[in-house]
Amino acid sequence: MTAAMRFDVITLFPDTFPGPIGIGVVGRALQSGLLELEAHNLRDYAGNRHRQVDDIPYGGGPGMVLKPEPVFSAVRDIRGDTAAPVVLLTPTGRVLNHALAEELARHPRLLLVAGRYEGFDERISSIADYEVSIGDYVLSGGELAAMVLIEAVSRHVPGVLGDEDSAGDDSFVTGMLEHPQYTRPPEFEGLKVPDVLLSGHHEEIRRWRERMSLERTRERRPELLQEMKGETR
Ligand code: 6GU
């Protein structure tokens, strides 16, 4: 079987993969061969004797900067003559969301570059097709960000989600947060399940869920509703 989608990650810590994405939905898809994931050690592409991949910043300042040569050489070697887009994981990138995850999932192969240190030499941007951040906070390296991206993207690859996991009404698919969910018991420590959910009236349940989605989104993430308007404009 040839995989529906392949991820190659260039990292200084290849042993951290697959980590938490080796279990669950993505783990199963990796096992079945529907997805492929390979982590490559950036240090193997450091040509110099000391296998140095970082250096001090021009102009001074704290920390170290990832050198361009090892990254260029790794990307060229791993990509070969395929058209796989290069995705740089960096806190200065475009913030990952549902739409971007969906877009990335349309490629059969992605090359992810997970950095460490204070950042990448800016010239590395010239081989990147995407620069992606996973949110407005700083991580010490791109590995966790790469795992988050792989999981979010994989859910959009046909066959990765079983029938059990249906993606259709997940939060963000509709542009809104998902409605609240309940399971048994109908009352727990005085906290009750809304009557409508026990009523068996499918149309009323559907309307209740729609209304709860909207209310919750308005309260917690009003900017999502603005984005929705923007898309239909
Ligand atoms: Cl992609 N990398 C790092 N180092 N920090 C981040 C991030 C990425 N996204 C959010 N914070």
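A quick note: this is a predicted structure, and the numbers were derived from the prediction, not measured.

(A) Just the sheet that holds strand β5 (residues 86-95), in detail. The strand order across the open sheet built from 5 strands is β2-β1-β6-β5-β8, with neighbouring strands paired in parallel fashion. In this open sheet, the two strands that pair with only one neighbour each are β2 (35-41) and β8 (130-133). Along the sheet, successive strands turn relative to each other by an average axial angle of 35°, direction set aside. Bridge count for β5 against strand β6 (residues 109-114) is 4 bridges, and the pairing is parallel.

(B) Quick peek at the pairing of strand β1 (residues 5-11). In terms of burial, β1 is a largely internal element, 7 of the 7 residues being buried. On β1, burial covers both faces: Met5, Phe7, Val9 and Thr11 on one face and Arg6, Asp8 and Ile10 on the other are all buried. Pairing geometry for β1 and β2, over 7 bridges, is parallel. What sits directly across from threonine 11, in β2, is asparagine 41. Of the crossover connections in this fold, the one passing from β1 over helix α1 (residues 24-32) to the parallel β2 is right-handed. In this sheet, β6 lies alongside β1 in parallel orientation, the contact comprising 5 bridges. The residue bridging isoleucine 10 from the neighbouring strand is valine 113, located in β6.

(C) Just helix α2 (residues 68-79), in detail. Here α2 is 12 residues long and its end C-alpha atoms lie 16 Å apart, about the 16 Å a rise of 1.5 Å per residue gives. Of the residues making up α2, those classed as buried are Pro68, Pro70, Val71, Phe72, Ala74, Val75 and Ile78. On the buried face of α2, the contacting elements are β1, β2, β4 (65-66), β5 and β6.

(D) Geometry of the site of the ligand. Taken together, the residues surrounding the ligand are Leu89, Thr90, Pro91, Val132, Ser133, Ile134, Gly135, Tyr137, Leu139, Gly141 and Ala145. At a separation of 3.3 Å, a nitrogen atom of the ligand approaches a polar side-chain atom of serine 133. One of the backbone nitrogen or oxygen atoms of isoleucine 134 is found 2.9 Å away from a nitrogen atom of the ligand. Examining the composition of the shell around the ligand, we find that 3 residues originate from one element, β5, more than from any other. Partitioned by chemical class, the residues of the shell around the ligand number 7 nonpolar, 4 polar and no charged.

(E) Inspection of helix α6 (residues 202-220) at higher detail. Here α6 contains 19 residues, and its C-alpha end-to-end distance of 27 Å stays within 8% of the 27 Å for a straight helix at 1.5 Å per residue. By the burial criterion, the buried members of α6 are Ile205, Trp208, Met212, Ser213 and Thr217. All buried residues of α6 fall inside an arc of 160° around its axis, so they share one side.

(F) Spotlight on the sheet that holds β4. Read across the open sheet, the 3 strands follow the order β3-β4-β7; overall the sheet is mixed. Of all the strands in the sheet, just β3 (54-55) and β7 (119-120) have a single pairing partner and so form its edges. Of the strand pairs in this sheet, β3 and β4 are connected by 2 bridges, and their pairing is antiparallel. The residue of β4 that forms the bridge with aspartate 55 is valine 65.

Calculation notes
Residues numbered from 1 in each chain as written. Predicted model: local features only at pLDDT ≥ 70, side-chain atom pairs only at ≥ 80, totals over all residues. Heavy atoms only, no water. Pairing = 2+ DSSP bridges. Helix = DSSP H or I, 4+ residues; strand = E, 2+ residues; numbered from the N terminus. Axes fitted to C-alpha atoms, helices over the stretch in contact; angles between N-to-C directions. Buried < 20%, exposed > 50% of the residue type's maximum accessible area, 1.4 Å probe, protein only. Right-handed = clockwise from strand over helix to strand, strands pointing away. Expected span 1.5 Å × (residues − 1). Contact = heavy atoms within 4.5 Å. Near = heavy atom within 4 Å. Polar contact = N/O pair within 3.5 Å; in protein donor to acceptor, adjacent residues only side chain to side chain. Nonpolar A, V, L, I, M, F, W, Y, C, P; charged D, E, K, R; others polar. Arc of directions from axis to C-beta.

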